[in-house]
Every structure is written in structure tokens, then in C-alpha cells.
Amino acid sequence: MTADKNTRGIQLKQIEMLKIFDKICHDNNLKYLVGFGTLLGAVRHKGFIPWDDDIDLIMLRDDYEKMLKVAPKYLPENLFLQTNKSDPEFPRTYAKLRMNNTTLKTEAFSNLDIHHGICLDIFPVDYTARNKKIQTFHMTLIKYTQILIDYRNINSVKKPYLPIKYTLKFISKLVPKKIIDLVIKYFSILFIKRKNNPVTIFSTRQNFAIDLNILFPVKKLTFEGINVPVPNQWDEYLKCLYG
């Protein structure tokens, strides 16, 4: 299967954005990896999965926070680093690199007054507990706190559970979004000093945890003609995500 012209046009713009992001990270000694469906595409197609219209990147929390500070200084005028600080109504706890003067809306948040440009997703990787019970509690707590943000937006409420979801939406309106964001950030970095603990990506809401040596040291794979950093044990990483 090949991408249609519209999807391929989006992909080509995302490749341009990736090259810029890669240079900023290289120049500032920041480490990132290709993850999720983008990694799967690199493995299977040496590029995008044909129908995919986004690029997923992951960074350890320390590098991610540094990136949030330095990237805006080096980005060209046609790119915008979107976070819940730079774009207050943005309903996610990870960052997106957006291209100005373009539009690529997702159904769930199409009615929000946020930047909707073509984007790359940049996810922070955080440490979690080693104890399985505490780990599960840690992940579940953050997952359901994040869901409160979703329920602030009418388009995220879908059948067949309308009564429950509208109730949660009403409750979420009682708590300011900034407070919810702060709570999520606090619990996400709760184990940041436990460098030997497993790591996870809370913002995906998938309850998985892996050892850091699955991610580092990085390897390289080809993605659309670019050598991109990928997890050291990329096959184990993909098995953990997709089985």
C-alpha cells in the first residue's frame, strides 16, 4: 500500500521538521529516539507506514525539559513548539512541534482554540516504581488524571457511555486545567532520582514499563533517507508495545 498524495505531502513536511529538530538536538547535546509507529515504519518500510501522518519521538525527562527551553531559540519562524504553557488550551502533557500556516486537525480536539498545524509528537520518558503494585498504581493515577483533561472537551465524549462521560466532563470543569497539569507533572517525575528504575511514557496512557537498557545506548536505522536514533533493543520495545 502506498500513501495518497495528501498524506504523502504531510509526510514530506514532517521530514523537513524532523531534520530541523534533529539538528537542534545534535547542536545542544540532547538525546531523542524515534518511537511507536514511526519506529515500526523504520523497521518495516525504512520510512513512514504508508497511511501514517505523524512522527513520534521520545526523550528522557531531563533532555525533554532542556529541549523545551532551548528549542524555541533555534526554531525557524515557520515552526512552533506547542506545550500546555505555550498554548494554554492544548490538552496534552507532551509537546508537539507544529508547522505554522498549515492545518492537520484531530477530531477529538478540533473545536479547541489551539494551533492545529502539521506536527511531530515529542513524548517525555519518565521513571516509575520497580515494585509492580506501586508501578500499576502510579500509572493508573496519572492515566485517570489525564482523562480529566480530555473530558473538558466535548468532542472527546463518545458513545456508548455518554452519561458517565458527560458527568466526568462536568467534574473536570470544576478543577482548573492548570491545576490538573501541575498534578500530572508532579506525579510523572515522582521517581526521577531513581535512575535504575524502569521507565515509561505516561502521556500515551499505555500501562507498560521497560528497563532503560532497552532504550540506551541508541542504535541507528534509516527513516526516509535519514539515519535516526532508535532504541538499543528496538525489537523488545516494539514487542512491549504491540505484542
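Described below are features of the structure shown in this document. Keep in mind that this is a model prediction, so the values were computed, not measured.

## Considering the pairing of strand 2 (residues 55-60)
(1) Moving on: Taking burial as the measure, the six residues of strand 2 include six buried ones, the bulk of the element.
(2) Moving on: Neither face of strand 2 is left uncovered, since the one carrying I55, L57 and M59 and the one carrying D56, I58 and L60 both have all their residues buried.
(3) Moving on: Alignment of strand 1 (residues 33-34) against strand 2, held across two bridges, turns out to be antiparallel. For L33, the partnering residue across the bridge sits in strand 2 and is I58.
(4) Moving on: The pairing of strand 2 with strand 5 (residues 119-127) spans six bridges and is parallel. If you follow I58 over to strand 5, its bridge partner there is F123.

## What about the packing of helix 4 (residues 132-150) against helix 6 (residues 177-188)?
(1) Moving on: Orientation of helix 4 relative to helix 6, taken along the N-to-C sense of each, is 160°, at an axis distance of 10 Å. As summarised for this structure, helix 4 and helix 6 are arranged roughly antiparallel, according to the angle between their axes. Between helix 4 and helix 6 lies a crossing of left-handed hand. In contact with H138, L141, I142, T145, Q146, L148 and I149 of helix 4, helix 6 contributes K177, I180, D181, V183, I184, F187 and S188.
(2) Moving on: A per-class count over the contact of helix 4 with helix 6 returns eight nonpolar, four polar and two charged.

## Re the nonpolar core
(1) Moving on: Membership of the largest hydrophobic core comes to 55 residues, with the highest contact counts inside it found for F21, I122 and Y237.
(2) Moving on: The greatest single-element share of this core, amounting to seven residues, is contributed by helix 1 (residues 5-27).
(3) Moving on: With residues near it in sequence (within four places) discarded, F21 still touches Y32, L57, M59, M67, L97, L120 and I122.
(4) Moving on: Membership of the second largest hydrophobic core comes to six residues, among which are I142, I149, I180 and I184.

## A look at the side chain of Q82
(1) Moving on: Residue placement: Q82 occurs in strand 3 (residues 79-82).
(2) Moving on: Taking the relative accessible area as the measure of exposure, Q82 reaches 0% and is therefore buried.
(3) Moving on: Apart from the residues lying within four places of it in its own chain, the contact partners of Q82 are D87, F90, Y94, A95, K96, R98, I114 and H115.

## As for a nonpolar patch on the surface
(1) Moving on: A contiguous nonpolar patch, built from F170, I171, L174, V175, I179, L182 and V183 and spanning about 640 Å² of accessible area, is present on the exposed surface.
(2) Moving on: Where the nonpolar patch is concerned, the elements lending two or more residues are helix 5 (162-174) and helix 6.

## Some details on the pairing of strand 7 (residues 219-223)
(1) Moving on: Examined bridge by bridge, strand 7 and strand 8 (residues 226-230) share five bridges and lie antiparallel to one another. By the bridge assignment, K220 is partnered in strand 8 with P229.
(2) Moving on: Between strand 7 and strand 8, which pair antiparallel one after the other, the connecting turn spans two residues, and E224 there sits at a positive phi close to 55°.

## With respect to helix 2 (residues 36-45)
(1) Moving on: Burial analysis of helix 2 places seven of its 10 residues in the buried class, which makes it a mostly covered element.
(2) Moving on: Elements that come into contact with the buried residues of helix 2 comprise strand 1, strand 2, strand 5, strand 7, strand 8 and helix 7 (234-242).

## Structural notes on the packing of helix 2 against helix 7
(1) Moving on: Relative to each other, helix 2 and helix 7 sit at 130°, their axes nearing to 11 Å. One element, helix 2, and the other, helix 7, form an angle in the oblique class. The interaxial crossing formed by helix 2 with helix 7 has left-handed handedness. Facing helix 2, whose interface residues are F36, G37, L39, L40 and V43, helix 7 presents W234, Y237, L238, L241 and Y242.
(2) Moving on: Residue composition of the contact of helix 2 with helix 7, grouped by class: nine nonpolar, one polar and no charged.

What counts and what doesn't
Residues numbered from 1 in each chain as written. Predicted model: local features only at pLDDT ≥ 70, side-chain atom pairs only at ≥ 80, totals over all residues. Heavy atoms only, no water. Buried < 20%, exposed > 50% of the residue type's maximum accessible area, 1.4 Å probe, protein only. Helix = DSSP H or I, 4+ residues; strand = E, 2+ residues; numbered from the N terminus. Pairing = 2+ DSSP bridges. Axes fitted to C-alpha atoms, helices over the stretch in contact; angles between N-to-C directions. Parallel < 35°, antiparallel > 145°, perpendicular 65-115°, else oblique. Left-handed = near helix turned anticlockwise from the far one by under 90°. Contact = heavy atoms within 4.5 Å. Nonpolar A, V, L, I, M, F, W, Y, C, P; charged D, E, K, R; others polar. Core = buried A, V, L, I, M, F, W, Y, C linked by side-chain atoms within 4.5 Å. Patch = residues over 30% accessible without salt bridge, like charges linked within 9 Å, V, L, I, M, F, W, Y side chains within 5 Å. Areas by Shrake-Rupley, 256 points an atom, 1.4 Å probe, with all protein chains shown as cover. Salt bridge = Lys/Arg side-chain N within 4 Å of Asp/Glu carboxyl O.

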